[in-house]
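Descriptive structure summary
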Amino acid sequence: MELLTNQVLAGIATGAIYACMALAVVMIYEAIDHLNFAQGEMAMFSTFIAWQLLEWGVPYWGAFFGSVAISFCGGVAIERTLFRPLATASILVQIAGFIALFSIINSSAGLIWDFSIKSFPSPFGSAPFLGSQLISDHQAGMFFITLILLGLLYFFFRFTRIGLAMRAAATLPDSARLVGINVGWMIALGWGLAAAIGAVAGILIAPVVFLEPNMMAGVLLYGFVGAVLGGLSSPAGAVAGGFMVGILENLAGTYIPVVGNELKLPIALAMIVTVLVFRPTGLFGRPQVQRV
Amino acid sequence: MSTVQESVTQTSSLGTVRETVPQVPATAGGRDLSPVATAAIARQQQKTAQTIARVASLVALALMLMAPMFVRHFVVFQFTQIIIYGIAIMSLNILTGASGQFSLGHSAFFAVGAYTTAILMEHGGMNYILTLPFAGCVCFVFGFLFGLPALRLSGVYLALATFSLAIAMPQFLKLGTFEHFTGGVQGLVVTKPDAPFGLKIDQDVWLYYVTLAVALIMYVLSVNLLNSRTGRAMMAIRDNQIAASSMGVNLALYKTLSFGISAGMTGVAGGLAAIVVAFVAPDGYSITFANALFLGMVIGGVGWLPGSLAGAAFIVLIPNVAESISKGLAGAVFGVFIIAVIFLFPNGARQAAYLAANWIRKLVGSTR
Amino acid sequence: MTDYLTLKDLRSYYGQIQALHGITFELSEGSVTTLLGANGAGKTTTLRAICGMVRSTGTIQFDGRPLIGLSTESIVKLGIAHVPQGRGTFTRMNVEENLQLGAITRSDRAAIADDIERMFTLFPVLKERRVQQAGLLSGGEQQMLAVARALMLRPRLLLLDEPSFGLAPLVVRELFKTLTQINREEKTTILVVEQNAQLALELADTAYVIETGQIVQSGPAAEIANNEDIRKSYLGY
C-alpha cells in the first residue's frame, strides 16, 4: 500500500511537469490550431539560459525569473518573425517551420553549451519531504510551483482584461477583431506565455533528468499525451491530462513487469495513437466539425 | 519578340503552387495570331520543355554512372548515402505529395529496415541482396499496420502520431528483451560484402552501383505507380478526401496502402544503409533523422520525385560541412536553410528547376 | 448635413470573384439607413468592406478619414461597431464577459461599468442571464446581446447585418424599437442591412436597394415603401 501511495505521489510530482508542457502546447494550439513541435526544445533552451545565469553568479530565483522573462520575450519574437508570415501557408510549410525551429534551437544549444551532461540545482534539495519516505522536497516543490503557476494563469485569464481579450482572440478571431482586438498580438502573447510556462517546466525537471540538449524530447512527448488526453481545446483538461499521464507512467512502470523504465516512450506513443483514434476530443474536449 | 511568362496560381491541399506555364501572347510581331496558331506554338513550347527535361535526366544519369571513376572512395561512400536517403525521401514524397499524409516518423521505418537486414545477415547468414526485399516487405507490413489507426488522423494529428513514433523507436530498439537480436544499446556490426565473382572492385564502389541500381528500379516503379490508377486515386485523396470518397475511392485501402508502400521503400533504403555503413545502432535513427528526412522532402520540392535527390544531397552534405566547422552546427544550418526555402522557394528545388528550365528555353528559343 | 460615411465606386473582391461593382452612397450623421436586396446581392459584402474584412478598391471615408487599407481592429477603434451576420457571440463566455469584450478597447473603467448597467436596462432579459454562458441563450437573446456588445463601444456608427434573421416578428419589433431609441438618444448613425424589407423601411429614414453588387434604387424610406413597383421587383412583397 505504501508503494502504491509512493508511486501515485511521485506520479503527481512528475505529472506536474507534464501538465506544464501540456498547458504550453495547448496554449499555442488554441491560438493557431497547430502543435508546436519545438515546444520542448524551447523549454530546454530556457533551462540552459537559467543555467548560464547561475554560472554567472545570479542567485537561483533571479536566474529562475530571469529565464522566464527572457523566454517570454523569445516566444513573442519567434512568433512575430517566423510564424506570423507563415500563418497563411499550407500545413506542410507550417510543420516545416516548426521542425526547422526544433533543429535550430536544439543545435544552437549544443553549439553554445556543448552536448555534455550538466547537473542543475534544485532550490528545494532532495531531502525527504516533511520527513516522509514518500516524496522528496524537490518533488513537492515541483508540485507546488506548478499549482502556483496554474493559479496565476487561471486568475490571469478569468479576471484580467488582457486575459479576456486573449480568450476571445483564440476562440473567435473574427468576432474579436470586430470588438477592436488585435488578434495578431494576442497570438504573439500566447506564444510568449507558452514559452514562459515551458521555461518553468524545464527548470523544474532539469535536476531530475540532468541538463543536456536532448533532455526534453521525451518530456514533450508526455506533454503531448497529456494535452491530447485532455482534449486539445481545454487548458484545464490538458493540466488534468498531464497529471494523469504522470501517475499512469509511474504505476505502469512499477506494476507491469515488462514495462520498466525502458518502454516508457513507446507506451506514450501507444497512448497518443489510441486516444487520437478512439476519442480524438480527449476526455474533456469539444468535438470539432469539419466543413465540407 | 519576348515571351511573356504568366504565373498561374493553383491551389492544392498542400498550399499554393505557383506553376510557371508558358503563355503565348496573342500578338507576335504586331500581327494577331489565330487560336490555332497560338495553340500550335504552345504545344511546341511544351515539347521543348519535355525535351529539356529528358536531356537533363540523361545527363544526370550519365554523371551518376561515371562518378566513381573520378572521385575518392570516401566520396563514393557519400554519394551512396545520398542515393540511399534519396530513396527514403522519394518514399516520403509518395506519402505526402501523392496521398497527402504527413510523416515525421520515417526514421522508424528506416530503422526497421536497417535492423531487419542486419539481423538477417548477421544472425541468419542471408545474402545481402536477398535481405533487401525482406526489409521492404517487413516495413510494408509495419507501415500498413501503422496506417490503420492513422486513418482516423490527418494534418497536425497525424504529424503528432508519427512524431511520437520517431521519438519512441530508439527506446524500442534498446529494449533488453530483444537485445540478443538487436545488440541493445551497442547495436550490431554488419559484415560489409565484397564484390561478387571475385571482381577486383572496391567494396564502396560496388555498393554504389548496387544502390544506384536499386534506386533506379524504385524510381521507375514510383513513376509508374503515380501514373497508374492507384496513383490517381491517391492524388484524389490528397486533394479532397471527402470528394474522393463520394466518388467511390476506397479511402481506407489507398491511405493504408500509401503508408505501406512508403514504409516499404524506406525500409529498403534502411537495409541498404545497414550494408553500406556496416553498422546499426538505435541512436542513429532518432527524431533528428526523421526531421532531416522531412526537411529533405521540403527542400527537394514536395511531390516532385527528382527533387528527392536534391533534398538528400542537402541533408548529407550540410552536416558534413557544418560538423567540420563545429559540432552541433548542422542542425542550426539546416533550420536556417529550411526557413529560407519556405519563405523564398516554397516548392523547393522544383521551383529552382522550373526557373532553370525556363531560362534554358529562353536561350534555346532565342537562337531559332 | 455633413456626409458622415461616404462610399464612392466601391468594388470588392472575394479572391478572383468581384462581388461589388461600384457602390456609391453617403450617410449623414445621426441618420438611420437601410440597405435592402435579395440574397447574394452584396449587402453583407458592403458592410464587410466598410470594416476592412474584404479586399476593396474605391473610396470609403468615415468622418473624413479613409478606411480602405486599414485593419479591421483599427476601423473599430475609430468608432464603428459591426453586428455581423450570425451575431458572432462569444458562446463560451458569459453574458457579462461578452459585454466587457465590447468595451475592450476603452479604458474608462467606471464608465464601462455604468454602460453595462445601461445595457441591462435597455435589454432586461440580458440582466437575468448575466452570468449564463452566452451559447445557451435563445436566438433573440443572442441578437440582443450582439447589439448590446456593439453598443458597449459607444460607437458613432452602428452597422447591423440582418438582425431580424431567425427571430420572431414580435422580438424583431422590440429590437427595432430599441434601435430607434438609441438613435434618438445617442445620435448614433445606423446602417441596417436587411432581407426583411418591410420592418427595415419602418425603421429607416433612407433606403438603398442593391442588386448584383450595384445600387439600383434609392430614396427616402417612406417613398420606397409606398412604391409598389420597387417592392415587387426588388423586395418581394
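It should be emphasised that the depicted structure is a prediction, and the values quoted were computed from it without experimental measurement.

Each helix and strand counted, chain C has ten helices and ten strands in total. Considering only C-alpha atoms, chain C reaches an extent of 45 × 40 × 35 Å along its principal axes. At a minimum sequence separation of 6, the contacts of chain C that also span at least 24 residues come to 65%.

Turning our attention to the overall build of chain B. Across its full length, chain B holds 14 helices and six strands. Evaluated residue by residue, chain B yields a buried proportion of 44% over its 368 residues. For chain B, the proportion of contacts with a sequence separation of at least 24, taken over those separated by at least 6, is 75%.

Here the focus is the environment of glutamine 44 of chain B. Residues and elements named next belong to chain B. Mapped onto the elements, glutamine 44 comes out in helix H1 (residues 35-66). When the 13 C-beta atoms within 10 Å are taken as the criterion, glutamine 44 is described as partly exposed. For the pair glutamine 44 and isoleucine 299, spaced 255 residues apart in sequence, the C-alpha separation works out to 31 Å.

So, on to the arrangement of the chains. Where two pairs of chains are in contact, the pair with the most contacts is made of chains A and B. You won't find any contact between chain B and chain C; their C-alpha atoms come no closer than 11 Å.

Attention shifts here to the packing of helix H2 (residues 73-99) of chain B against helix H11 (residues 287-300) of chain B. Residues and elements named next belong to chain B. Between H2 and H11, the shortest axis-to-axis distance is 9 Å and the interhelical angle comes to 75°. Between H2 and H11, the crossing angle belongs to the class labelled roughly perpendicular. Judged by residue contacts, Tyr85, Ala88, Ile89, Leu92, Asn93 and Thr96 of H2 engage Leu293, Phe294, Gly296, Met297 and Gly300 from H11. For the contact of H2 with H11, a count of residues per class yields seven nonpolar, four polar and no charged.

With that settled, consider the sheet that holds strand E3 (residues 32-36) of chain C. All names here are of chain C. Taking strand neighbours across the sheet as the criterion, the six strands line up as E6-E7-E8-E3-E9-E10 in an open arrangement whose pairing is mixed. The open sheet has two edge strands with one neighbour each: strand E6 (80-83) and strand E10 (214-220). Direction aside, the axes of adjacent strands within the sheet are offset by 15° on average. Helix H1 (residues 43-50) rests against E3, E6, strand E7 (157-161), strand E8 (189-194) and strand E9 (206-211) of the sheet, and its axis sits at about 145° to E7.

It should be kept in mind that the predicted coordinates are not to be read in detail where pLDDT is low. All names here are of chain B. With 83% of its residues at a pLDDT of at least 70, chain B reaches an overall mean of 77. Across chain B, the secondary-structure element scoring lowest on mean pLDDT is strand E2 (residues 15-22), at 33, and the one scoring highest is helix H3 (residues 106-122), at 91. Contacts from residues 1-31, a stretch scored under 50 in pLDDT, to residues over four places away or in other chains number 47 contacts.

What follows concerns the interface of chain B and chain A. If you look at the interface, chain B gives 44 residues, while chain A gives 39 residues. Elements supplying a minimum of two residues to the side of chain B that touches chain A: helix H5 (155-173), H11 and helix H13 (329-344) of chain B. When residues in the side of chain B that touches chain A are grouped by element, the largest group, 13 residues, is from H5 of chain B. Residues of the side of chain B that touches chain A, tallied by class, amount to 30 nonpolar, eleven polar and three charged.

Residue and element names in this part refer to chain A. One way to put it is that helix H2 (residues 39-55) packs onto helix H3 (residues 60-86) with a least axis distance of 8 Å and a crossing angle of 140°. As the angle between them shows, H2 and H3 are arranged oblique. Crossing handedness for the pair H2 and H3: right-handed. In this structure, H2 contributes Ser46, Ile49, Ala50, Leu53 and Leu54 to the contact, and H3 contributes Tyr60, Gly62, Ala63, Phe64, Gly66, Ser67, Ile70 and Ser71.

With 18 residues of chain C at the interface, the matching set in chain A holds 15 residues. Among the elements of the structure, helix H2 (72-77) and helix H3 (95-102) of chain C are those that each provide at least two residues to the side of chain C that touches chain A. Broken down by class, the residue content of the side of chain C that touches chain A amounts to seven nonpolar, six polar and five charged.

What follows is about the confidence of the model for chain C. Residues with a pLDDT of 70 or more make up 99% of chain C, whose mean pLDDT is 89. Prediction confidence for the complex, expressed as pTM and ipTM, is 0.82 and 0.89 respectively.

Residues and elements named next belong to chain A. Inspection of the secondary structure puts threonine 146 in helix H5 (residues 137-159). C-alpha of threonine 146 to C-alpha of leucine 82: the two residues are 64 residues apart in sequence and 29 Å apart in space. Once residues within four sequence positions are removed from consideration, threonine 146 is found in contact with Ala16, Ala19 and Cys20.

Another point: the nonpolar core. Ranked by internal contacts, the top residues of the largest apolar core, which has 285 residues, are Cys20, Met21, Val200 and Ile272 of chain A. Non-local contacts of isoleucine 272 of chain A, meaning those with residues more than four positions away in its chain, are made with Phe224, Val225 and Val228 of chain A together with Leu160, Ala161 and Ser164 of chain B.

All right, on to helix H4 (residues 128-150) of chain B then. All names here are of chain B. With 23 residues, H4 should cover 33 Å at 1.5 Å per step; its first-to-last C-alpha distance of 32 Å lies within 8% of that length. If you check which residues of H4 are buried, you get Thr131, Leu132, Ala135, Gly136, Val138, Cys139, Phe140, Phe142, Gly143, Phe146, Gly147 and Ala150. On the buried face of H4, the contacting elements are H3, H5, helix H7 (203-227) and helix H10 (251-277).

A negative phi angle characterises most non-glycine residues, just as the trans form characterises most peptide bonds. Residue and element names in this part refer to chain C. In this structure, arginine 87 is a non-glycine residue whose phi angle is positive, near 75°. We note that lysine 187 has phi near 60°; this positive angle belongs to a residue other than glycine. Along the polypeptide, lysine 187 turns up in the loop between helix H7 (169-186) and E8.

Moving on, we come to the environment of tyrosine 85 of chain B. Residues and elements named next belong to chain B. By the element assignment, tyrosine 85 lies in helix H2. We classify tyrosine 85 as buried; it has 25 C-beta atoms within 10 Å. As for tyrosine 85 and isoleucine 315, which are separated by 230 residues in sequence, their C-alpha atoms are 8.4 Å apart. What tyrosine 85 contacts, discounting residues up to four positions off in sequence, is Gly296, Ala312, Ile315 and Val316.

So, how was this worked out
Each chain carries its own residue numbering, running from 1 in the written order of its sequence. A letter from A marks each chain and a number from 1 marks each ligand, given out in the order of writing. In view of the model being predicted, local features appear only for residues whose pLDDT reaches at least 70, and side-chain atom pairs are presented and counted only at 80 or more, with totals across whole chains, interfaces and linings using the full set of residues. The secondary structure listing takes helices from DSSP runs of H or I that are at least 4 residues long and strands from runs of E that are at least 2 residues long, numbered from the N terminus. C-beta atoms are first placed from the backbone for all residues, and any pair lying within 7 Å is then listed as a contact. Any residue with 12 or fewer other C-beta atoms within 10 Å of its own C-beta is exposed, any with 20 or more is buried, and the rest are partly exposed; the C-beta atoms used are placed from the backbone. Note on geometry: axes are C-alpha line fits, over the in-contact stretch for helices, and angles between N-to-C directions span 0 to 180 degrees. Any angle that falls under 35 degrees is termed roughly parallel, while one over 145 is termed roughly antiparallel, one within 65 to 115 roughly perpendicular, and all others oblique. In the scheme used here, Gly and all other residues not listed as nonpolar or charged are polar, with Ala, Val, Leu, Ile, Met, Phe, Trp, Tyr, Cys and Pro taken as nonpolar and Asp, Glu, Lys and Arg as charged. Two strands qualify as a pair provided DSSP detects at least 2 bridges between them. For every residue, the pLDDT score states the predictor's confidence, bounded by 0 at the bottom and 100 at the top. Handedness of a crossing follows from how the near helix is turned relative to the far one, being left-handed for an anticlockwise turn of less than a right angle and right-handed for a clockwise one. What we call a nonpolar core is a set of buried Ala, Val, Leu, Ile, Met, Phe, Trp, Tyr and Cys residues whose membership is set by joining through C-beta atoms within 7 Å. Multiply 1.5 Å by the residue count of a helix minus one, and that product is the helix's expected span.

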